[in-house]
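Take a look at the letters that make up each chain.
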Amino acid sequence: DQEAIDWFLYELEDIKRSLPPHQQPLELTQHPGEVIFVPGGWWHTVLNLDDTIAVTQNFCSTACFPAVWMDTRKGRTKMARTWLRKLGEIRPDLVEVAQNLAGQNFGGVSAEQDLENILDDRKRRKEEKQERKRKREKERAKKKK
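Residues numbered from 1 in each chain as written. Predicted model: local features only at pLDDT ≥ 70, side-chain atom pairs only at ≥ 80, totals over all residues. Heavy atoms only, no water.

Caption draft 1: Structural view of a positive patch on the surface. On the surface, Lys129, Arg132, Lys133, Arg136, Arg140, Lys143 and Lys144 cluster together into a positively charged patch. Along the chain, arginine 140 turns up in helix 5 (residues 111-144). (Patch = residues over 30% accessible without salt bridge, like charges linked within 9 Å, V, L, I, M, F, W, Y side chains within 5 Å. Areas by Shrake-Rupley, 256 points an atom, 1.4 Å probe, with all protein chains shown as cover. Salt bridge = Lys/Arg side-chain N within 4 Å of Asp/Glu carboxyl O. Lys, Arg positive; Asp, Glu negative; His and termini not counted. Charge placed at Lys NZ, Arg CZ, Asp CG, Glu CD. Helix = DSSP H or I, 4+ residues; strand = E, 2+ residues; numbered from the N terminus.)

Written as structure tokens, this is what we have:
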């Protein structure tokens, strides 16, 4: 098993060696009291050298809402469902964007149905995985007899 520090010691160095000069990562040391802004969409990683408290904020503007919605609906589906309900109260224009994205990209379903479909698909895949595991265990038990 690898520790997180192994990524910094080995993987990062391999990545840096494979990149051309204009794609090399920025590396810096942040000192107490300093603030760093990481633009949306920038890959980043942090290695804390001492005890640290981090305060982070994710921001989604109207301009980037479609991209953020598409990522959130898949990666944080339950949160997306709550977010969609809250948006209905304060930003119905963004709910309409989510509805249009669902309709255009996912067979004309509503955003709500799209989220339910994702959750149902995850549940089905989890059940299938559990069933395969049960079958393997049953087969192993038969072979032992």
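Caption draft 2: Spotlight on the environment of glycine 33. Relative to the helices and strands, glycine 33 resides in the loop between helix 1 (4-18) and helix 2 (65-75). A sequence separation of 24 residues divides glycine 33 from glutamine 57, and the C-alpha atoms of the two residues are 17 Å apart.

Caption draft 3: View of helix 3 (residues 77-90). In this model helix 3 runs 20 Å from its N-terminal to its C-terminal C-alpha over 14 residues, within 8% of the 20 Å that 1.5 Å per residue would give. Summarising the contacts, the buried residues of helix 3 are in contact with helix 2, helix 4 (92-105) and helix 5. (Expected span 1.5 Å × (residues − 1). Contact = heavy atoms within 4.5 Å.)

Caption draft 4: Just the packing of helix 4 against helix 5, in detail. Across the interface, helix 4 lies against helix 5 with an axial gap of 8 Å and an inter-helix angle of 60°. On the basis of the axis angle, helix 4 is oblique to helix 5. The segment helix 4 lies against helix 5, with Ala98, Gln99 and Ala102 engaging Ala111, Glu112 and Asp114. The residue makeup of the contact of helix 4 with helix 5, split by class, is three nonpolar, one polar and two charged. (Axes fitted to C-alpha atoms, helices over the stretch in contact; angles between N-to-C directions. Parallel < 35°, antiparallel > 145°, perpendicular 65-115°, else oblique. Nonpolar A, V, L, I, M, F, W, Y, C, P; charged D, E, K, R; others polar.)

Caption draft 5: Just helix 4, in detail. A rise of 1.5 Å per residue sets the reference length of helix 4, with its 14 residues, at 20 Å; its end C-alpha atoms lie 20 Å apart and thus fit the reference within 8%. Buried within helix 4 are the following residues: Leu94, Val95, Ala98, Leu101 and Ala102. Projected onto a plane normal to the axis of helix 4, the buried residues spread over an arc of 120° and lie on a single side. Of the exposed residues in helix 4, those oriented more than 90 degrees away from the buried face are Pro92, Glu96 and Gln104. (Buried < 20%, exposed > 50% of the residue type's maximum accessible area, 1.4 Å probe, protein only. Arc of directions from axis to C-beta.)

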